[in-house]
Amino acid sequence: MVADVVVVGGGPGGMAAVLGAAEVGASVVLVDAGRGVGGQFHRQAEVGVERPGKGFAGVRERLLGHERVEWLGESSVWAVEGKRVWVQRGAADAVGRAVFAVDARAVVLATGAYDRVLPFPGWDLPGVYTAGAAQALAKGQRIGVGRRVVVAGTGPFLLPVAESLLEVGARIAGLFEANTLRTIGRGWASAPLVAASKLPEFLKYAGALARHRVPVRHGWAVVEAHGDDHVESVTVARIDSSWTPIPGTRRRISCDALCVSHGFIPNLELATAAGCELSDGVVRVDSNQQTTTPGVFAAGELTGIGGAALAAAEGRVAGVAAARHAGFESTAQEDLKKTRSVVGVLSRAYPVGDGAAGWVRGETVVCRCEEVRAIDLVGVEGEGRVFRLGSRMGLGMCQGRVCSGGAVKRVVAVPVRLGDLADDGGESCE
Ligand SMILES: Cc1cc2nc3c(=O)[nH]c(=O)nc-3n(C[C@H](O)[C@H](O)[C@H](O)COP(=O)(O)OP(=O)(O)OC[C@H]3O[C@@H](n4cnc5c(N)ncnc54)[C@H](O)[C@@H]3O)c2cc1C
């Protein structure tokens with residue numbers, strides 16, 4: 001399959017990139033692992049009635065109906081070689097998925113992010129979910145992960161998660177934001193215009209939480225989850241500015257599910273496989289969203305966690321620039337400097353404290369895939385590969401996505417069956 005531009009990821013960033021490129025004349029293939037376009041922010045119900053947010057239905061219609069756009073849903077890119085992306089298409093985990101290459105003149109990566117969860121005793125118990133997974137089940141399947149749920153961690157994302165859970169009938173036993181109102185207020189106050197633009201959204205969530213009488217605590221964290229074969233309660237504690245629990249503040253709360261998120265980690269696998277340089281843990285781009293690999297552009301959360309509006313603005317710029325790289329003319333020029341200021345605001349308002357390392361005890365599992373406990377790391381020497389081989393951290397199913405902060409370089413980005421590779425229509429990945 002060939003196209004002028006291939007876009008990986010159909011969230012706000014990728015959708016805007018597709019339209020940006022197609023509208024200046026480029027043919028575009030959009031590849032996304034999901035069943036529908038929209039990514040995380042615009043995730044739609046797969047059962048019952050869809051509720052597309054403001055503006056989304058129109059963008060989706062324009063994109064899917066565009067004569068120069070080909071949409072490949074339920075398709076994962078598992079490798080990038082230059083401007084050739086390798087796709088496997090078919091339902092997740094199905095046997096016999098089609099494996100094929102898409103060759104393009106420019107590539108836009110808009111692969112988004114995933115939840116960061118810091119380890120604490122009991123975080124590996126059934127019933128402990130990432131906040132993103134709980135929201136995906138609530139939004140996509142209309143399923144609540146529990147009847148009495150605790151939501152904890154840090155970031156504005158906890159608010160829509162709590163709202164999604166309330167909408168599917170869950171009761172929220174408490175929302176525990178680790179940062180204090182003072183820290184959050186100071187962070188937002190550093191960019192008053194950005195703060196003002198987010199205010200209506202905050203008020204909407206605050207209203208929903210108040211209507212359902214959800215107890216909300218700032219400067220508190222879940223530091224332990226308890227239960228035999230399922231979470232039955234959590235210990236919360238007031239924490240100081242480094243996130244160290246303050247003695248005498250521990251309290252037990254009963255619940256049947258816990259949703260945690262301590263911010264997001266950008267999905268960097270494809271970008272690092274394409275040779276793009278990183279800076280401060282995100283993909284480095286210039287004012288055209290061009291990465292350090294010529295012809296490979298990036299947009300959205302993988303260039304800095306800044307929310308859907310920024311992702312869409314970056315996507316537009318990346319799409320037009322990718323079309324230009326592919327030989328199409330456009331004089332469009334957009335300055336994203338102001339829009340990008342939200343990235344700094346979020347990291348200032350919702351910092352992660354080093355004291356969280358102290359939540360872990362010797363027997364706490366720190367690598368869930370390989371069941372490595374904190375105590376097992378004592379005496380393991382070396383760095384990088386040597387450390388991984390000595391400890392087995394990062395060698396399991398998640399390949400270090402949880403414990404390494406996402407910066408591990410690997411050639412194969414998502415699991416792919418050898419049988420499907422062998423049946424790739426005669427082409428092979430060099
Ligand atoms: C779990 C989760 C839930 C969120 N919910 C909210 C919310 O409710 N409200 C809010 O304001 N913000 C939310 N966010 C923040 C949100 O990510 C951004 O606001 C916005 O969606 C970012 O847009 P994006 O285009 O960068 O990425 P995304 O919207 O995340 O889109 C990335 C897309 O890339 C696809 N993808 C990734 N890797 C591959 C691959 N290898 N092959 C093919 N496709 C791939 C994914 O399927 C996804 O559709 C959420 C983030 C996460 C991680």
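Residues numbered from 1 in each chain as written. Predicted model: local features only at pLDDT ≥ 70, side-chain atom pairs only at ≥ 80, totals over all residues. Heavy atoms only, no water.

**Topic: the domain arrangement of the protein**
The following threshold applies: Note: domain ranges come from an automatic or database domain assignment.
Splitting the protein by domain gives domain 1 (2–114 + 265–329) and domain 2 (117–262). Here domain 1 and domain 2 have C-alpha centroids that lie 30 Å from each other.

**Some words on helix 3 (residues 131–141)**
The condition is simple: Partly exposed residues are those whose accessible area sits between 20% and 50% of the maximum for their type, while under 20% is buried and over 50% is exposed, using a 1.4 Å probe and protein chains only. In this text, helices come from DSSP runs of H or I with a minimum length of four residues, and strands from runs of E with a minimum of two, each type numbered from the N-terminal end. Here, two residues are considered to be in contact whenever any of their heavy atoms come within 4.5 Å of each other.
Listing the buried residues of helix 3 in full gives Ala131, Gly132, Ala134, Gln135, Ala138 and Gly140. Looking at the packing, one finds that the buried side of helix 3 touches strand 7 (113–115), strand 8 (128–130), helix 4 (158–167) and strand 15 (257–262). In the stretch just after helix 3, Arg142 is the one whose phi turns positive, near 60°.

**Brief notes about unusual backbone geometry**
In the Ramachandran plot, Glu74 falls in the positive-phi region, its phi being about 45° despite a non-glycine side chain. Mapped onto the elements, Glu74 comes out in the loop between strand 3 (69–72) and strand 4 (75–81). Although it is not a glycine, Arg142 adopts a positive phi angle of roughly 60°. Mapped onto the fold, Arg142 is located in the loop between helix 3 and strand 9 (148–154). Among the residues examined, Arg142 registers a relative accessible area of 35% and is labelled partly exposed.

**A closer look at the site of the ligand**
The line we're drawing: Note on terminology: near, applied to a residue and a molecule or strand, indicates that one of the residue's heavy atoms is within 4 Å of it. In the analysis that follows, any N or O atom pair within 3.5 Å is treated as a polar contact, provided that within protein one partner can donate a hydrogen and the other can accept it, and provided that, for residues neighboring in sequence, both atoms belong to side chains. Each accessible area is a Shrake-Rupley result for a 1.4 Å probe, and residues are judged covered by the shown protein chains and nothing else. The nonpolar class holds Ala, Val, Leu, Ile, Met, Phe, Trp, Tyr, Cys and Pro. Asp, Glu, Lys and Arg form the charged class, and all remaining residues, Gly among them, are polar.
Taken together, 31 residues lie around the ligand, and Gly13, Asp32, Val77, Gln135 and Glu301 are the ones closest in. One nitrogen or oxygen atom from the main chain of Gly13 is found 2.9 Å from an oxygen atom belonging to the ligand. Interatomic distance of 3.4 Å between a backbone N/O atom of Phe41 and an oxygen atom of the ligand. When the ligand is considered free in solution it has 970 Å² of accessible area, and contact with the protein chains removes 89% of it. Within the residue set of the shell around the ligand, elements represented by two or more residues are helix 1 (12–22), strand 4, strand 7, helix 3 and helix 8 (308–325). Its residues placed into classes, the shell around the ligand shows 14 nonpolar, 14 polar and 3 charged.

**Some words on the packing of aromatic side chains**
Worth spelling out the cut-off: By convention, a stacked pair of Phe, Tyr or Trp rings (six-membered ring in the case of Trp) has centres within 6.5 Å and planes under 30 degrees apart, an edge-to-face pair has planes over 60 apart, and any other such pair is tilted. Two limits define a charge over a ring: the Lys NZ or Arg CZ must be within 6 Å of the ring centre, and within 35 degrees of the ring normal.
Evaluated as defined, the whole model comprises 5 aromatic pairs. With a centroid separation of 6.5 Å and 80° between ring planes, the pair formed by Trp188 and Tyr350 is classed as edge-to-face. Placement of Trp188 in helix 5 (residues 181–189) and of Tyr350 in the loop between helix 9 (341–349) and strand 20 (365–367) is noted, with a sequence separation of 162 residues between them. Trp188 sits in the buried class, given a relative accessible area of 10%. By relative accessible area, which is 11% here, Tyr350 ends up buried. Taken together, Trp188, Phe202 and Tyr350 form an aromatic cluster joined through their ring pairs. It is Arg368 that lies over the ring of Trp123; its NZ or CZ is 4.1 Å from the centre.

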